[in-house]
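# Close look at the chain arrangement
As a plain string of letters, each chain reads:
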Amino acid sequence: KSEAIKKFKNFFPNIDDALVTVTKSSDDAPYPFYHIQFIHGSKIGYADITENGGHLLSFLMERPVKKHPLSHEEILNTAQKFMKKVGYADVALAESRENHEAWHFVFSRVHGDDEALVYPDSIQVKVAKDNGEILGVNAMEYIQEEKIMTQGEVPIEWEEFFSDQVSVEETKKIYTTNKNLQLRKCYEVIARLNNQSNDTFRIVIDAETHEVIKNEKLN
């Protein structure tokens, strides 16, 4: 219990003098943890820290959010530094989105020499726009850690795979599940249709079989 509180104060020094109460999860929880509830002025929330290893499992804080936001780059830099501070150094940014009060980032585990992103092993982080304070963390998927199976990989010539009207904007390697819920290594492609609408699509293609697993319109 005392070690969990110490971890909490180290992870979140801006609220290290908060009033806290600590309870323990049930013995049959998949990942036993200490549940730390806190109150710090107008800030209230909780942090869950695993009993084994002291990993940050989840965090949530509620408080008023002021105007005059920081830049996206400043906030992303804060989130990336926080990931390293809490011991999640083997991740990279996979997704970002925003609302009126916060940026929401998804960091996924990096695997292999080609640094493919393992989407099922992801951490969600919520960062306040006004001062870069961490408002929320969910690392449950990351803690579970998928088992990566050996898989073949066949390169694709995009000029032949797509029609002449398609321009490939970006490609990267990822791991995600197919329709049979099998974890597969894939190419994730951002492609633009060269027509009057200039529609953009996100296409996920199995790196070995070249099966199209997902095709979604982005705009």
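Source: prediction; values computed, not measured. Position labels on residues start from 1 in each chain and follow its written sequence. Restriction of local features to residues with pLDDT of at least 70 applies here, the model being predicted, together with a cutoff of 80 or more for giving and counting side-chain atom pairs; totals for whole chains, interfaces and linings are based on all residues. Heavy atoms throughout the structure, all of them, feed into the side-chain values; hydrogens and water do not.

### Some thoughts on helix 1 (residues 2–11)
The rule is simple: take the accessible area with a 1.4 Å probe, protein chains only, and divide by the maximum for that residue type; under 20% is buried, over 50% is exposed, in between is partly exposed. Each helix corresponds to a stretch of at least 4 residues labelled H or I by DSSP, and each strand to a stretch of at least 2 residues labelled E; elements are numbered beginning at the N terminus. Buried within helix 1 we find Ala4, Ile5, Phe8 and Phe11. Take helix 1 and look down its axis: the buried residues cluster within an arc of 125 degrees, on one side only. Looking at helix 1, the residues exposed on the side facing more than 90 degrees away from the buried face are Ser2, Glu3 and Lys6. What makes two residues a contact is simply this: any of their non-hydrogen atoms within 4.5 Å. On its buried side, helix 1 packs onto strand 1 (19–24), strand 2 (33–40), strand 3 (43–50), strand 4 (56–62) and helix 2 (72–85). Regarding the arc, it is the one traced by the directions from the helix axis to the C-beta atoms.

### Some words on the packing of aromatic side chains
A pair of Phe, Tyr and Trp rings is counted when the ring centres sit within 6.5 Å of each other, with Trp represented by its six-membered ring. The angle between the planes then sorts it: under 30 degrees is stacked, over 60 is edge-to-face, the rest tilted. Scanning the model with the defined rule gives 13 aromatic pairs in all. Here the aromatic rings of Phe161 and Phe162 are separated by 5.1 Å at their centres, their planes lie at 85 degrees, and the arrangement is edge-to-face. A relative accessible area of 31% means that Phe161 is categorised as partly exposed. With relative accessibility at 13%, the residue Phe162 sits in the buried group. What links up through ring pairs into an aromatic cluster is the set Phe8, Phe11, Phe12, Phe38, Phe59 and Phe82. Consider the ring centre and the ring normal. A charge sits over the ring if Lys NZ or Arg CZ is within 6 Å of that centre and within 35 degrees of that normal. A cation over an aromatic ring shows up here: Arg109 above the ring of Tyr142, its NZ or CZ 3.8 Å from the ring centre.

### Quick notes on helix 2
With 14 residues, helix 2 should cover 20 Å at 1.5 Å per step; its first-to-last C-alpha distance of 20 Å lies within 8% of that length. For helix 2, the set of buried residues is Ile75, Leu76, Ala79, Phe82 and Met83. The arc that holds every buried residue of helix 2, seen down its axis, measures 120 degrees, which confines them to one face. Helix 2 presents Glu73, Lys81 and Lys84 as exposed residues on the side facing more than 90 degrees away from its buried surface. Turning to helix 2, the residues buried within the fold contact helix 1, strand 4, strand 5 (91–98), strand 6 (102–111), strand 7 (116–128) and strand 8 (134–138). Expected span of a helix, by definition, is 1.5 Å for each gap between consecutive residues, and there is one gap fewer than residues.

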